[in-house]
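# Reading the structure
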Amino acid sequence: MKIKDSAITFWFQKQPNPKIYVDKFNEVLKEHFFDFNIIGVPANIDPAIPRLTAVSSSNHSNIEVSLISARLRTNFDENYNEDINVCIDYLKERALKLFEALKSCDINIVYSAIFINLEEKEDNAVTKIKEHFLKLENLETIDEIGVRLSQVVDNKFYSNISFNNSKQI
């Protein structure tokens, strides 16, 4: 199984001008990221559109900061994607740094999410999902399948797991 990519997002109350935080972000994140770029976006445009972006020195990750969120996106290459522990350590270190940068600007996080996209090559993915997870052995003509499971953890968190097949050309 390989980790393909991930997105870690921190949501916060709307910030009227995140550009004022660029120097603090650059200072806290300088170990892993190049300086932030400021994107000229009109104030009346969708608050979810990024106003600040930065790329990691390894070019595997980027950060996008909008008026309402900060998102760390990471793509894993063939040198690391099979070692889940290395990938998780990489994500944890950078996510904690991003969290630290937001806290240094007195931005309080109200919600966060971690999405990790895992991939496993399987010649008969539909059959495996159908029979193993759904116990549907009598449906012969399924070409595409997807399942999403959601669970509350400790009355505080949600754990969402999705299984699906995909065909890549």
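Higher on the page you've got the structure.
The notes below deal with the structure included here. (Residues numbered from 1 in each chain as written. Predicted model: local features only at pLDDT ≥ 70, side-chain atom pairs only at ≥ 80, totals over all residues. Heavy atoms only, no water.)

## Quick notes on the nonpolar core
Let me state the cut-off plainly: Nine residue types can take part in a nonpolar core, namely buried Ala, Val, Leu, Ile, Met, Phe, Trp, Tyr and Cys, and a core is a set of them joined through side-chain atoms within 4.5 Å. Only protein chains enter the accessibility calculation, which uses a 1.4 Å probe; a residue whose area is less than 20% of its type maximum is buried, one above 50% is exposed, and one in between is partly exposed. Note on conventions: DSSP H or I runs of at least 4 residues are helices, E runs of at least 2 residues are strands, and numbering of each starts at the N terminus.
Counting 27 residues, the largest nonpolar core has Phe25, Leu29, Phe36, Ile63, Leu98 and Leu102 as the members making the most contacts within it. Broken down by secondary-structure element, the contributors of at least two residues to this core are strand E1 (2-12), helix H1 (22-29), strand E3 (52-55), strand E4 (61-65), strand E5 (69-75) and helix H2 (84-104). Considering each element in turn, this core owes the most residues, 7 residues, to H2.

## Points about the sheet that holds strand E6 (residues 109-119)
Note the threshold: Any two strands between which DSSP finds at least two bridges are classified as paired. The contact rule is simple, with two residues in contact once any of their heavy atoms fall within 4.5 Å. Here an axis means a line fitted to C-alpha atoms, over the contact stretch when the element is a helix, while the angle between two N-to-C directions is reported on a 0 to 180 degree scale.
Strand order in the open sheet formed by 6 strands is E2-E3-E4-E5-E1-E6, with antiparallel pairing between adjacent strands. Either end of the sheet is taken by a strand with one partner, and the two such strands are strand E2 (37-38) and E6. Judged from the 5 bridges that link them, E4 and E5 form a sheet pairing that is antiparallel. Bridge pairing in E5 places glutamate 64 opposite arginine 71. Against the sheet, H2 touches E1, E4, E5 and E6, its axis set at about 15 degrees to E1.

## Here's the deal with the pattern of salt bridges
To keep it simple, the criterion reads: A pairing counts as a salt bridge when a side-chain nitrogen of Lys or Arg comes within 4 Å of a carboxyl oxygen of Asp or Glu.
Applying the stated rule across the entire model yields 6 salt bridges. A salt bridge links lysine 2 to glutamate 82; its shortest N-O distance comes to 3.9 Å. Pair noted here: lysine 2 is in strand E1 and glutamate 82 is in the loop between E5 and H2, with a separation of 80 residues, a long-range link. Taking relative accessible area as the criterion, lysine 2 reaches 31% and is therefore assigned partly exposed. A salt bridge links lysine 4 to glutamate 119, with the nearest nitrogen and oxygen atoms 3.4 Å apart. Taken together, the positions of lysine 4 in strand E1 and glutamate 119 in strand E6 put the pair 115 residues apart, joining distant regions of the chain. Judged by relative accessible area, lysine 4 falls into the partly exposed class, the value being 31%.

## What to know about the pairing of E5
Judged from the 7 bridges that link them, E1 and E5 form a sheet pairing that is antiparallel. Within E5, the residue paired with isoleucine 8 across the bridge is leucine 72. If you look at the hairpin formed by E4 and E5, you'll find 3 residues sitting between the two strands.

## Section: the environment of lysine 19
Considering the arrangement of structural elements, one finds lysine 19 in the loop between E1 and H1. C-alpha separation for the pair lysine 19 and isoleucine 107, spaced 88 residues apart in sequence, amounts to 13 Å. Discounting residues that sit within four places of it in the chain, lysine 19 has contacts with Ile38, Ile39 and Leu52.

## Focus on a nonpolar patch on the surface
Our working rule: Patches draw on residues past 30% relative accessible area with no salt bridge. Two like charges within 9 Å are joined, as are two nonpolar side chains (Val, Leu, Ile, Met, Phe, Trp, Tyr) within 5 Å. What sets the accessible areas is the Shrake-Rupley method with a 1.4 Å probe; for residues, cover comes only from the shown protein chains.
Together, Met1, Ile84, Ile88, Ile114, Ile116 and Leu118 give the surface a local cluster of nonpolar side chains, amounting to about 530 Å² of exposed area. Elements that contribute at least two residues to the nonpolar patch include exactly H2 and E6. Sort the elements by how many residues they give to the nonpolar patch and E6 lands first, with 3 residues. Mapping isoleucine 116 onto the fold places it in strand E6. Owing to a relative accessible area of 36%, isoleucine 116 belongs among the partly exposed residues under this scheme.

## Quick look at the environment of lysine 24
Threshold: Polar contact is the term for a pair of N or O atoms within 3.5 Å; when the atoms are in protein, one must be able to donate a hydrogen and the other to accept it, and sequence-neighboring residues count only if both atoms are side-chain atoms.
Counting through the fold element by element, lysine 24 comes out in helix H1. Here lysine 24 falls in the partly exposed class, since its relative accessible area comes to 43%. For the pair formed by lysine 24 and leucine 102, sequence separation is 78 residues and the distance between their alpha carbons is 8.7 Å. Residues contacting lysine 24, with those up to four places away along its chain left out, are Ser104 and Cys105. Of note is the side chain of lysine 24, whose polar atom sits 3.1 Å from the backbone oxygen of serine 104.

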